[in-house]
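Results of the structural survey
Here is how the chains run, residue by residue.
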Amino acid sequence: MYHRLLTTLHQKPEHVRQKIALVSAICVTAVIALVWISTFRIHPVSSSAATAIKPLLLLKEGFVGMLHTSGSGLANIKAGFDQQSQLIVPGN
């Protein structure tokens with residue numbers, strides 16, 4: 001059965017075989033994507049899930065705090081460069 005199908009496909013022109021290959025690849029990809037998406041389940045948030053999120057919030061707060069600290073540190077560095085440039089080139 002498959003041998004006859006493959007023989008028929010080999011006899012078709014190149015552009016027809018390319019279209020068949022493209023449509024086949026799209027169909028297989030769509031089936032895989034649908035199976036993958038169907039594995040996602042939406043569960044109601046329970047108390048254990050709410051506590052599991054808390055460490056992520058702590059990580060976020062730490063990261064935001066680090067950015068604020070870095071921002072003030074960069075402002076201090078810029079002020080230092082400004083002071084140095086005034087010492088090197090007087091009158092600025």
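The text that follows walks through the structure, step by step, so that each part is easy to find.

Cut-offs used in this document
Every chain begins its residue count from 1, and numbering advances along the sequence as written. Only residues with pLDDT of at least 70 get local features here, since the model is predicted, and only at 80 or more are side-chain atom pairs given and counted; chain-wide, interface and lining totals rely on the full set of residues. The side-chain quantities take in all heavy atoms of the structure and omit both hydrogens and water. Each helix corresponds to a stretch of at least 4 residues labelled H or I by DSSP, and each strand to a stretch of at least 2 residues labelled E; elements are numbered beginning at the N terminus. Accessibility here uses a 1.4 Å probe with only protein chains present; expressed as a share of the type maximum, an area under 20% marks a residue as buried, one over 50% as exposed, and anything in between as partly exposed. Computed with a 1.4 Å probe, the accessible areas rest on the Shrake-Rupley method; for each residue, only the protein chains presented here act as cover. Each patch is built from residues that are more than 30% exposed by relative accessible area and take part in no salt bridge. Like charges join if they lie within 9 Å; nonpolar side chains (Val, Leu, Ile, Met, Phe, Trp, Tyr) join within 5 Å. The rule for a salt bridge is simple: a side-chain nitrogen of Lys or Arg has to be within 4 Å of a carboxyl oxygen of Asp or Glu.

Each helix and strand counted, the protein chain has three helices and zero strands in total. Going from the N terminus to the C terminus, the protein chain shows its helices and strands as α-α-α. Residue burial in the protein chain is summarised as follows: out of 92 residues, 0% are buried. Summing over all exposed atoms, the protein chain offers an accessible surface of approximately 8600 Å²; the carbon and sulfur share of this is 71%.

So, on to a nonpolar patch on the surface. On the surface, a cluster of nonpolar side chains totalling about 430 Å² of accessible area is made up of Met1, Tyr2 and Leu5. Within the element layout of this structure, Met1 appears in the segment before α1 (2–11). Residue Met1 is classed as exposed on the basis of its relative accessible area, which comes to 76%.

Per the counting criterion, the structure on display carries one salt bridge. The shortest N-O distance in the salt bridge between Arg17 and Glu14 comes to 2.8 Å. Taken together, the positions of Arg17 and Glu14, both in helix α2 (residues 14–38) and three residues apart, correspond to about one turn of that helix.

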